[in-house]
Amino acid sequence: MLSPSQAPRRDRLLRGVCILDFGAQYGQLIARRIRELNVYCEIVPHDTPWTEIERREPAAILLTGGPESTLVPEAPGIDPAILSAGLPILGICYGMQLLARDLGAELVREDRREYGPAELRVDRAGGALFEGVPRESRVWMSHGDSVTHLPDGFAELASTPRCGVAAMGDARRKIYGVQFHPEVAHTQFGKQILDNFLHRIAGITERWEMKSFVERAVAEIRASVGSDNVICALSGGVDSAVAATLAARAIGTQLTCVFVDHGLLRKGEAEAVVAAFRDVLHLNVVAVDARERFLAKLLGESDPERKRIVIGHEFIRVFEEEAAKIAGVKYLVQGTLYPDVIESKTPASKAGHKIKSHHNVGGLPEQMHLGLVEPLRSLFKDEVRAVGRVLDLPKRIVERQPFPGPGLAVRIIGDVTPERLAIVREADAIVCEEIEAAALDPKPWQYFAVLTPVRSVGVMGDGRTYANLVAVRAITSEDGMTADWARLPHALLERISTRIVNEVPGVNRVAYDITSKPPSTVEWE
Ligand code: XMP
């Protein structure tokens, strides 16, 4: 809730699972699956000492997969005290191999990796882990090493044609390992297997539910903020909306929300945000019309990174000016989510290249010397939406598609001018209206218009035109990290194209973006 510097030491949110991460490709997916089963879990680095894990009072431990081999001397490991702590443990892929190695069994490196689907055959002694799983089912494999001999006390529970020990377990010590990935959708009974581990084997009874999360979060904010004043930057997005609403429930009029209208939002959005928060949710909202300031700062800036930086800095300046007008502010509410918390712990060497400067209010607290209130620090995006529903936030906010902080400025390639803003805003409204009216299932993750710097020749009526090219982008994605272009029905694309060309002055051509991410990014800038 509070950032480490202000937080009273409170290690246990709810009795759940501690996930030790070995750099797994599917680490966050494991956490999400466990949360979907109404069990609380946290991801910590694999080398977290037992003393630190113990403070969280976990009900069970889970070891993830990872890119390394346990057969090399520098293989990442765990504090040996974890194995003797008496807690139920489930190792997945690398996690199972590590259990086998550390408990004294033998592994071999296979000549070739086993990757992709495989037929799992559950042994007669499959036991509690495979309760409700048919004798034969499909699982997803991705490994190079294999366990060939079991550690003392373990039984083989399942196999695939290429993997003798696809699952092993010691029912007495409640230590289990699976070579396949139960967290991915390709494993037919993956969720059942995780459920069995959590509920049958580890006997976890505390339920992770958004309704009780709300009650706890409100109580915690109240306790930590006391009688001090708090501010929050509302962006119109679901994260800041949910964070602000939780804070308002806790401390009422001690909270002031600041909404900076930078003039780069979509059609009607600024008005809708202010109306929703003021009139429907009755929050204390200061709306700042900074449209001219931002436009003036953006004048002559056509480089994508420069635009992002200019907007980020100006945002902080405006916000600081407003905050200075409110007496006795000690805290800032931020909608930081769990994936940001995990990612900020990633070693710099793993963090990779910077692709874009993402705009958020992360720079604010250091400059303003405010304490942080981050009520969503333990939640994934879909959980934030669920909290929004529990809080009765308007649907428009809860289901709002992701939108970049620098707004339409990064959807206008090149110079941002009032005329170009008007074009992209109108075109975007048509894309949104048409895609929403089509009620696609599944709905694309994001869909929008981009104004390109290209002009081309056309003919309208009987006259020649030389006008702008608008690109339409619609993507499917799980998390925005990777994406595919949405296969929109041709009739829908046709409606979008016809309406944009007819209704948006200055546009005579529409193109559809058919690149995935990677190699492209979602936004064009
Ligand atoms: P990219 O373009 O990096 O976008 O593939 C990935 C996701 O992030 C959103 N996005 C942003 N979100 N501030 C944000 O809060 C930003 O500056 C920003 N830039 C991109 C983008 O819309 C997509 O969902």
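Scroll up to find the structure this text is about.
Here we summarise the structure given alongside this text. (Residues numbered from 1 in each chain as written. Predicted model: local features only at pLDDT ≥ 70, side-chain atom pairs only at ≥ 80, totals over all residues. Heavy atoms only, no water.)

**Concerning the overall build of the chain**
Cut-off, in case you're wondering: Counting from the N terminus, the helices are the DSSP runs of H or I reaching at least four residues and the strands are the DSSP runs of E reaching at least two. Our radius of gyration looks at C-alpha atoms and nothing else; its globule reference is 2.2 Å times the residue count to the power 0.38. Residue exposure (1.4 Å probe, protein chains only): buried if accessible area is under 20% of the type maximum, exposed if over 50%, otherwise partly exposed.
Counting its regular elements, the chain contains 16 helices and 18 strands. Its C-alpha atoms give the chain a radius of gyration of 26 Å, near enough to 24 Å, the size a compact globule of 525 residues would have. In terms of principal-axis extent, the alpha carbons of the chain reach across some 80 × 60 × 40 Å. The 525 residues of the chain split such that 54% are buried.

**Examining helix α3 (residues 94-102)**
The test is simple: In this description, contact between two residues means that some pair of their heavy atoms is separated by no more than 4.5 Å.
Counting buried positions over the nine residues of α3 gives seven, a clear majority of the element. Taken as a whole, α3 has its buried residues at Tyr94, Gly95, Met96, Gln97, Leu98, Leu99 and Ala100. Looking at the packing, one finds that the buried side of α3 touches β3 (60-63), β4 (89-92), β5 (106-122), β6 (136-149), β8 (163-170) and β9 (175-178).

**A word on the sheet that holds β4**
Note the cut-off: In this scheme, strands are said to pair when DSSP sees at least two bridges between them. Axis definition: a line fit to C-alpha positions, over the contact stretch in the case of helices; interaxial angles, taken between N-to-C directions, run 0 to 180 degrees.
Read across the open sheet, the nine strands follow the order β2-β1-β3-β4-β9-β8-β7-β5-β6; overall the sheet is mixed. The open sheet has two edge strands with one neighbour each: β2 (41-45) and β6. Between one strand axis and the next, the sheet turns by 25° as a mean value, whatever way the strands run.

**Describing the pattern of salt bridges**
Spelled out, the test is: We define a salt bridge as a side-chain nitrogen of Lys or Arg found within 4 Å of a carboxyl oxygen belonging to Asp or Glu.
Throughout the structure, instances matching the rule amount to 33 salt bridges. Where Arg32 meets Asp382, a salt bridge forms, and the shortest distance between an N and an O atom there is 4.0 Å. Residue Arg32 is located in helix α1 (residues 27-36), and its partner Asp382 is located in helix α13 (residues 381-390); the two are separated by 350 residues in the primary sequence. Glu269 is paired through a salt bridge with Arg266; the nearest N and O atoms lie 2.8 Å apart. The same class applies to Glu269 and to Arg266, which are both buried. Salt bridges sharing common partners tie together Glu433, Glu434, Arg495, Arg499 and Glu503.

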